[in-house]
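# Descriptive structure summary
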Amino acid sequence: MSLQSDAVFQKIIDGLKDNAAKAKAINGVFLYKITKDGKVAKEWTLDCKSAKAYEGPAQGVKVDTTLTVADEDMVDIALGKLNPQAAFMKGKLKIAGNIMLTQKLAPLLKTDAKL
């Protein structure tokens, strides 16, 4: 299944290649559960410890933080149309695990791209 947020994760993958040191400084592993119509449609792993991202559950690493967000909300967060803290407060973004680690993600996830 192809989702709108696939483009966001492709941008993250490309960004990690250029910013490996910045990613490794975050020193965390994040699992994104992207939902469509209330059901998990796709999972993405953002492994900042080794500066890589890939589709699917974490492979051989312990996940520090799991983020569950709707496909369209993930796109809006990436484009800056939806503030991540506001999304969390409204229940659009659910976070399990080390919530403080997610604060370090913002600079890495900012995108200027038109998706």
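Definitions and cut-offs
- Residues numbered from 1 in each chain as written.
- Predicted model: local features only at pLDDT ≥ 70, side-chain atom pairs only at ≥ 80, totals over all residues.
- Heavy atoms only, no water.
- Helix = DSSP H or I, 4+ residues; strand = E, 2+ residues; numbered from the N terminus.
- Rg over C-alpha atoms; globule rule 2.2 N^0.38 Å.
- Buried < 20%, exposed > 50% of the residue type's maximum accessible area, 1.4 Å probe, protein only.
- Contact = heavy atoms within 4.5 Å.
- Areas by Shrake-Rupley, 256 points an atom, 1.4 Å probe, with all protein chains shown as cover.
- Lys, Arg positive; Asp, Glu negative; His and termini not counted.
- Charge placed at Lys NZ, Arg CZ, Asp CG, Glu CD.
- Polar contact = N/O pair within 3.5 Å; in protein donor to acceptor, adjacent residues only side chain to side chain.
- Salt bridge = Lys/Arg side-chain N within 4 Å of Asp/Glu carboxyl O.

## Focus on the overall build of the protein chain
A count of helices and strands for the protein chain gives six helices and five strands. Its C-alpha radius of gyration of 13 Å places the protein chain within 12% of the 13 Å reference for a compact globule of 115 residues. Taken along its principal axes, the extent of the C-alpha atoms in the protein chain is 35 × 30 × 30 Å. Here the protein chain, with 115 residues, has 42% of them falling under the buried criterion. For the protein chain, the proportion of contacts with a sequence separation of at least 24, taken over those separated by at least 6, is 65%. A total accessible area of about 6,500 Å² is found for the protein chain, and carbon and sulfur atoms account for 53% of it. Considering the protein chain, the positive charge centre built from 18 side chains and the negative charge centre built from 13 side chains are found 4 Å apart.

## A word on the environment of Asn-98
If you trace the backbone, Asn-98 turns up in the loop between strand S5 (93-97) and helix H5 (99-103). It is 5.2 Å that separates the C-alpha atoms of Asn-98 and Thr-65, two residues lying 33 residues apart in sequence. The contact partners of Asn-98, leaving out residues within four places of it in the chain, are Asp-64 and Thr-65. Within the structure, Asn-98 has its side chain in polar contact with the backbone nitrogen of Leu-101 (distance 3.2 Å).

## Here we look at the pattern of salt bridges
Pairing between side chains of opposite charge can happen when their charged atoms approach one another. Within the structure shown, the criterion is met by six salt bridges. Here Lys-36 and Asp-71 are joined by a salt bridge, their closest N and O atoms 3.9 Å apart. Residue Lys-36 is found in strand S1 (residues 29-36), and its partner Asp-71 is found in helix H3 (residues 71-79); the two are separated by 35 residues along the sequence. Judged by its relative accessible area of 33%, Lys-36 falls in the partly exposed class. Under the relative-accessibility criterion, Asp-71 is labelled buried at 1%.

Scope: geometric values only; no functional claims are made or implied.
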